[in-house]
Every structure is written in C-alpha cells, then in structure tokens.
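What follows is the residue order along each chain.
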Amino acid sequence: MYPKKVAEDTAKVLQSYLTYQAVRTIIDQLSETNPPLSLWLRSYTSSHSIQDGEAYIEGLMTENKELVLRIMTVREHLAEQVLEFLPEMVKTGIINANTDHRRQLLERLTRTTSSFSSLETSDFNPDVEDTPDS
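Residues numbered from 1 in each chain as written. Predicted model: local features only at pLDDT ≥ 70, side-chain atom pairs only at ≥ 80, totals over all residues. Heavy atoms only, no water.

Novice: Mind laying out helix α2 (residues 35-47), listing which residues take part and the relevant values?
Specialist: With 13 residues, α2 extends 18 Å between its outermost C-alpha atoms, agreeing within 8% with the 18 Å of an ideal straight helix rising 1.5 Å per residue. Every buried residue of α2 is accounted for by S38, L41, Y44 and T45. Down the axis of α2, the buried side of the element spans an arc of 130 degrees, and every buried residue falls inside it. Exposed side chains of α2 directed beyond 90 degrees from the buried face belong to P36, L39, S46 and S47. Summarising the contacts, the buried residues of α2 are in contact with α1 (3-33), α3 (53-61) and α4 (65-82). (Helix = DSSP H or I, 4+ residues; strand = E, 2+ residues; numbered from the N terminus. Expected span 1.5 Å × (residues − 1). Buried < 20%, exposed > 50% of the residue type's maximum accessible area, 1.4 Å probe, protein only. Arc of directions from axis to C-beta. Contact = heavy atoms within 4.5 Å.)

Structure representation (structure tokens):
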C-alpha cells in the first residue's frame, strides 16, 4: 500500500471536484447577472472535460482569462471553507458506511444460512418415523 500516492491522487480528484463546483457556482451567478456569458460557459464546459480541473482551466485560459481568474478565486474560497471539515467527515462517512454494509452483509448471510437450515431440518424430523405405507 502506498499511502502517499493515494493521498496525492485523492488531492488531485478533490481539486478537480472543487473546480467543477466553482464552475457550477459561477454559471449560476452569471445566469442572473450575465445570461449570455452563463450560456457560453455552460456550452464551453459541456464540450471540454472538467474531469481534470487543471487541464480545464488551462484550456479556458485561451478563451476567457477573466473567467479563469474568477474560477480560481471561487475554487480557493470553496477549498478554505470545506477542507477544514473534510478529513473528519470522510473518516466518519467511511466508518458509518462500512458499518451499514457489514450489517447488510451479516443480514444476508444470516438469511441465507437460516433458509438453508430450515430446508435441512424439514427433511429430517426425528419425531416422525419412517414407516412404509400399508
């Protein structure tokens, strides 16, 4: 296991996700203040992958530098608001989800075992003698 590599990959995904959230926020803001620019950014985003936030920003730089600066500002603001709570929220979320999954798995295993057990016990009943019919 490579915890540092996992952390780096996770940070990159989170950074791209915050870029996505910043773009969504800006599109919503622009829809009220500058609808044509909102439509343009929505169209640009639908035709350019935002999966890699940094590549998205680099591509947008050639199209609209002001939007790039706005996206970077909003993304940084989101990061400041979110990242403080994130480690504990992720840890708690994983612990709770794992507990739920384990409970469901145990219920399924128990249900399967009890169904199988009831089939076995119905085939063999020591109180009933096996006598041929006359």
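Next, the rest of the story.
Novice: Could you give an account of the nonpolar core, with specific residues and numbers?
Specialist: Judged by nonpolar contacts, the single largest core of 18 residues is most densely connected at V23, I26, L41, Y56, L60, L67 and I71. Elements that contribute at least two residues to this core include exactly α1, α2, α3 and α4. Those residues in contact with V23 that sit more than four places away from it in its chain are L41, T45, I50, Y56 and I71. (Core = buried A, V, L, I, M, F, W, Y, C linked by side-chain atoms within 4.5 Å.)

Novice: I'd love a proper account of the side chain of S38, names of residues and values included.
Specialist: Inspection of the secondary structure puts S38 in helix α2. You can call S38 buried: its relative accessible area is 2%. Apart from the residues within four sequence positions on either side, S38 is in contact with I27, L30 and S31.

Novice: So what about the environment of M72? Which residues, and what values?
Specialist: Structurally, the position occupied by M72 is in helix α4. Sequence separation between M72 and L18 is 54 residues, and the spatial gap between their C-alpha atoms is 9.7 Å.

Novice: Tell me about the packing of α1 against α2, and please be specific about residues and values.
Specialist: Contact geometry for α1 and α2: axes closest at 6 Å, N-to-C directions at 150 degrees. With respect to their mutual orientation, α1 and α2 come out roughly antiparallel. Note that α1 runs across α2; the crossing there is left-handed. Along its contact with α1, which presents V23, I26, I27, L30, S31 and T33, the element α2 presents P35, L37, S38, L41, R42 and T45. When the residues that make up the contact of α1 with α2 are grouped by side-chain class, the tally is seven nonpolar, four polar and one charged. (Axes fitted to C-alpha atoms, helices over the stretch in contact; angles between N-to-C directions. Parallel < 35°, antiparallel > 145°, perpendicular 65-115°, else oblique. Left-handed = near helix turned anticlockwise from the far one by under 90°. Nonpolar A, V, L, I, M, F, W, Y, C, P; charged D, E, K, R; others polar.)

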